[in-house]
Amino acid sequence: MTKKIILFISSIGIISCKTHSPKIDYFGQTAPGTSPTIFGENLISKKGRFEHGISFSPDTKELVFGILDKNALKGNIYYSKKVNTKWTVPKNFEPLKNKSVFLPYFTPNGKSLLYSQSIPDTSKSYITNIWKLKKINGNWNSPKKIQSPLNSISREATASMTHDGTIYFSSNRNCLGKENCYAADLFYAKLTNNNYKNIKPVAKLNSSNDEESVFISPKEDYIIFCRYTNKETLVDLYISYRDNNNNWTTPQILDTTINSNDWDRRPFVSIDNNFLFFTRLKIEEYKLIESDIYWVATSKVFKPFIYNPITDKTLRLGKKFEIQIPSNYFKDIDNKQLTLRINQNELEWLKFDPDKLKITGTPTLTGNFELIFTATDQFSNITQDKIKITVTK
């Protein structure tokens, strides 16, 4: 039977001084709190118009977003730019005006735009490929389709890029040759010799359900995507983090204050990691009723995650032991200082040194003991991890 230990570790992490950056202007909107609000109501998100998928340039002086037709089969991209202190009225993006285009994402350097575009055959408008539009000498021009194997004969949709040019995207290519298969999965491709040749699935994040609408952070340290959850909450947003071994953590569904019983999709996070933008679609009887862009503070989006895991330990009865707790055991995207506790039944042979981050002692009884580590950030978000300590003779 596993016995439980209780210890209280005051705090762990890197204490840093926060610098106050100038307030960023997001289309003149008042910053939201922890509950999502419609972004740019009556300006960008208009009742009866089906907006989706917004993205700001890294300098936050340009924005793009998509508009769907009533059948969600054709789309346009709208564009606005901040000139001096004022944003221009969003208009149909001139370089792509006569195309059926969707889901625009600025690249991390702000010099290109990734988007998806329907193939010319209108009978297959639901099949899209990923394109890239470059800015040359300050002007947007020269759209080009990214070559295979990144694009295929299947549907490639949202695409998002990291600082090193790696593209994460969704595709239903895994359904080729399978009956009654429609679900998309997540894939990625690294840029090699200016080409995307090696396409790999993000296996840890894919499931039998549909995964798409991917946003990858420019540093590639977290990823947000949408997944079909169930008939009650439909499509929800999930997050996964990259750990010390470059593995993706098990995806966690975002807080219920963010996800709803409608379709929550198309995530985008501001360059300062302060705000999550996403699209909420209301669909009834397979008909699109409303689609608006929302935004929310990320205090309930980012939570502590296990960055440098601790393995289970085996100790010997009557033998001194020492367990070093890594300073980066847990990390948090928006919080450098975390409080770490170990919550279990107290054992007098086990001691903790908060300065050296060590647990030491000499076991006086055999058995299995479970250590539960709890990391808490400044917004009271909690993440736990467990390790098993086995004491043998």
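Calculation criteria
Residues numbered from 1 in each chain as written. Predicted model: local features only at pLDDT ≥ 70, side-chain atom pairs only at ≥ 80, totals over all residues. Heavy atoms only, no water. Helix = DSSP H or I, 4+ residues; strand = E, 2+ residues; numbered from the N terminus. Buried < 20%, exposed > 50% of the residue type's maximum accessible area, 1.4 Å probe, protein only. Pairing = 2+ DSSP bridges. Axes fitted to C-alpha atoms, helices over the stretch in contact; angles between N-to-C directions. Salt bridge = Lys/Arg side-chain N within 4 Å of Asp/Glu carboxyl O. Core = buried A, V, L, I, M, F, W, Y, C linked by side-chain atoms within 4.5 Å. Contact = heavy atoms within 4.5 Å. Polar contact = N/O pair within 3.5 Å; in protein donor to acceptor, adjacent residues only side chain to side chain. Phe/Tyr/Trp six-rings, centres within 6.5 Å; stacked < 30°, edge-to-face > 60°.

## What about unusual backbone geometry?
Residues Ser148 and Pro149 are joined by a peptide bond in cis, for which omega reads 15°. Looking at the element boundaries, Pro149 is found in the loop between strand E12 (139-145) and strand E13 (156-161). In this structure, Thr60 takes a positive phi of about 55° despite not being glycine. Relative to the helices and strands, Thr60 is located in the loop between strand E4 (50-56) and strand E5 (62-68). For Leu357, which is not glycine, the phi dihedral falls at a positive 55°. You can see Leu357 is positioned in the loop between strand E29 (350-353) and strand E30 (358-361). For Leu357, a relative accessible area of 13% puts it in the buried group.

## Looking at the sheet that holds strand E9 (residues 101-106)
Strand order in the open sheet formed by four strands is E9-E10-E11-E12, and the pairing between neighbours is antiparallel. Bordering the open sheet on either side are E9 and E12, each of which pairs with just one other strand. Each strand axis lies, on average, 25° off the axis of its neighbour in the sheet, ignoring direction. Sheet analysis places strand E10 (residues 112-118) next to strand E11 (residues 128-136), joined by seven bridges and oriented antiparallel. Residue pairing across strands places Ser112 opposite Lys134, the latter belonging to E11.

## A short note on the pattern of salt bridges
In the structure shown here, the tally under the stated rule is 14 salt bridges. For the salt bridge of Glu94 with Lys97, the shortest nitrogen-to-oxygen distance reads 3.9 Å. Classification of Glu94 by relative accessible area gives exposed; the value is 56%. Overall, the relative accessible area of 39% leaves Lys97 in the partly exposed class. The salt bridge involving Arg227 is made with Glu211; its shortest N-O contact spans 2.7 Å. Here the residue Arg227 occupies a position in strand E18 (residues 222-230), and Glu211 occupies one in strand E17 (residues 211-216), the gap between them amounting to 16 residues. Accessibility assignment for this pair places Arg227 and Glu211 in one class, buried. Because the salt bridges share partners, they merge into one network encompassing Glu212, Arg265 and Arg266.

## Observations concerning the nonpolar core
With 37 residues, the main nonpolar core has Phe39, Ile54, Phe56, Tyr222, Leu276 and Phe277 as its most contacted residues. Each residue touching Tyr222, except ones within four places of it in the same chain, is listed here: Phe215, Ile216, Ser217, Ile239, Ser240, Tyr241, Trp248, Val269, Asn273, Phe302 and Ile333. Listed in part, the 23 residues of the second largest apolar core include Ile323, Ile342, Leu347 and Trp349.

## Structural notes on the side chain of Arg227
The exposure class assigned to Arg227 is buried, which follows from its relative accessible area of 14%. Side-chain polar atoms of Arg227 contact the backbone oxygen of Leu205, separated by 2.8 Å. The contacts of Arg227, once residues within four sequence positions are left out, are Leu205, Ser207, Asn209, Asp210, Glu211, Leu234, Val235, Asp236, Tyr238 and Pro251.

## Some points on the packing of aromatic side chains
Ring pairs (aromatic) are described by centroid distance and by the angle formed between their planes. Under the counting rule described, the total for this entry stands at 33 aromatic pairs. On the numbers, 6.3 Å between centres and 40° between planes, the contact of Phe215 with Tyr222 is tilted. Here the two residues Phe215 and Tyr222 agree in accessibility, since each one is buried. With a centroid separation of 5.0 Å and an interplanar angle of 45°, the aromatic rings of Phe275 and Trp295 are classed as tilted. Here Trp295 lies in strand E23 (residues 287-297) and Phe275 lies in strand E22 (residues 275-284), a separation of 20 residues in the sequence.

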